[in-house]
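Structural features, examined
These are the residues of each chain, in order.
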Amino acid sequence: MKNILILFLLFSLCLTSFAQTVKSKDVAQIMQTFQNQQKAWNNGDLEGFMNGYWQSDSLKFIGKNGITYGYEATLNRYKKSYPDTATMGKLQFDILSFKKLDKKHVFVIGKWHLKRDEKEDLEGHFTLIWEKINKKWVIIADHSS
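Residues numbered from 1 in each chain as written. Predicted model: local features only at pLDDT ≥ 70, side-chain atom pairs only at ≥ 80, totals over all residues. Heavy atoms only, no water.

This paragraph deals with the nonpolar core. Ranked by internal contacts, the top residues of the largest apolar core, which has 26 residues, are Phe 34, Trp 41, Phe 49, Tyr 53, Tyr 78 and Trp 130. Looking at this core, the elements that each hand over two or more residues are helix H1 (2-42), helix H2 (46-49), helix H3 (71-81), strand S3 (90-102), strand S4 (105-115), strand S5 (122-133) and strand S6 (136-144). Residues within four places of Tyr 53 in sequence aside, it is in contact with Gln 37, Leu 59, Tyr 71, Tyr 78, Val 138, Ile 139 and Asp 142. (Core = buried A, V, L, I, M, F, W, Y, C linked by side-chain atoms within 4.5 Å. Buried < 20%, exposed > 50% of the residue type's maximum accessible area, 1.4 Å probe, protein only. Helix = DSSP H or I, 4+ residues; strand = E, 2+ residues; numbered from the N terminus. Contact = heavy atoms within 4.5 Å.)

Here is the structure:
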């Protein structure tokens, strides 16, 4: 009985370590995407910024004007709202909360700030739902204000 208990405890520790490793890898992949998005934005590259989003008609972006459906519509919304690098400014993300919902979904809350030289700075908050699709983490829903 003692040996069975010891084996069970070792097995449990292995599972816990594995789960933490997977979580750390997922966090690292998502955080790398945030860094890539920030760099692309700050270089005036909206298409590069959008690489973090799911390239699907099912993507949802929720902003002050309602819901935008689809990758192309979301990209066009960004292009209309930020037509040049002066309007885009320099983007900075601040991640406030990161919660793994299950193997394929992560919920992130954060703050964004645009430092702009020629216009007033902008800032707000976002909630994102990320999904692992084809071994890549992508944003499937974005609520930014």
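Aromatic rings in a pair are described by how distant their centres are and how their planes are angled relative to each other. Overall, the coordinates contain 12 aromatic pairs when judged by the stated rule. Ring centres 5.0 Å apart and planes at 70 degrees place the aromatic pair Trp 41 and Phe 49 in the edge-to-face group. For the pair Phe 49 and Tyr 78, a centre-to-centre distance of 5.3 Å together with 80 degrees between the ring planes defines the contact as edge-to-face. One end of the pair, Phe 49, is in helix H2; the other, Tyr 78, is in helix H3, and 29 residues separate them in sequence. An aromatic cluster of three or more residues is present, and its members are Trp 41, Phe 49, Tyr 53, Phe 61, Tyr 78 and Tyr 82. Residue placement shows Arg 77 over the ring face of Tyr 78; its charged tip is 5.1 Å from the ring centre. (Phe/Tyr/Trp six-rings, centres within 6.5 Å; stacked < 30°, edge-to-face > 60°. Lys NZ or Arg CZ within 6 Å of the ring centre and 35° of its normal.)

With that settled, the discussion passes to the environment of Lys 90. Note that Lys 90 resides in strand S3. Look at Lys 90 and you get partly exposed, because its relative accessible area is 46%. Between the C-alpha atoms of Lys 90 and Gly 44, which are 46 residues apart in sequence, the distance is 9.0 Å. Ignoring any residue separated from it by four or fewer positions in sequence, one finds Lys 90 in contact with Asn 42, His 113, Leu 114 and Lys 115. Within polar-contact distance, the side chain of Lys 90 engages the backbone oxygen of Asn 42 at 2.6 Å. (Polar contact = N/O pair within 3.5 Å; in protein donor to acceptor, adjacent residues only side chain to side chain.)

Within the secondary structure layout, Thr 68 lies in strand S2 (residues 66-69). Take Thr 68: its relative accessible area is 18%, and that puts it in the buried class. Apart from residues no more than four positions distant in its own chain, Thr 68 is found in contact with Leu 59, Lys 60, Phe 61, Ala 73, Thr 74 and Arg 77.

Turning our eyes to something else, we now look at the confidence of the model for the protein. Confidence in the prediction of the protein, expressed as mean pLDDT, is 88, and 84% of residues score 70 or more. Within the model, the stretch residues 2-22 combines pLDDT values under 50 with one contact to residues more than four positions away or in other chains. (pLDDT = per-residue confidence, 0-100.)

Turning our attention to the layout of surface pockets. The computed volume of the largest pocket comes to approximately 570 Å³. Among the secondary structure elements, those contributing two or more residues to the lining of the largest pocket are H1, strand S1 (60-63), S2, H3, S3, S4, S5 and S6. By residue number, the principal contributor to the lining of the largest pocket is S5, which donates four residues. The residue makeup of the lining of the largest pocket, split by class, is 17 nonpolar, eight polar and four charged. (1 Å grid on protein atoms, 1.4 Å probe; cavity = no way out; pocket = protein on both sides within 12 Å on 5 of 7 lines; lining within 4 Å. Points joined across faces, edges and corners; volume = space filled by probe spheres on them. Nonpolar A, V, L, I, M, F, W, Y, C, P; charged D, E, K, R; others polar.)

Below, the discussion takes up the pairing of S4. Of the two faces of S4, only one is covered, namely that formed by Val 106, Val 108, Gly 110, Trp 112 and Leu 114; the face formed by His 105, Phe 107, Ile 109, Lys 111, His 113 and Lys 115 stays uncovered. Taken together, S3 and the strand that follows it, S4, pair antiparallel across an intervening segment of two residues. Relative to S5, S4 runs antiparallel, the two being bridged by 10 bridges. What sits directly across from Phe 107, in S5, is Ile 129. Between S4 and S5, which follow one another and run antiparallel, lie six residues. (Pairing = 2+ DSSP bridges.)

Phi is positive for Asn 134, which is not a glycine, with a value near 50 degrees. Counting through the fold element by element, Asn 134 comes out in the loop between S5 and S6. On the basis of relative accessible area, Asn 134 is assigned to the exposed category, the value being 74%.

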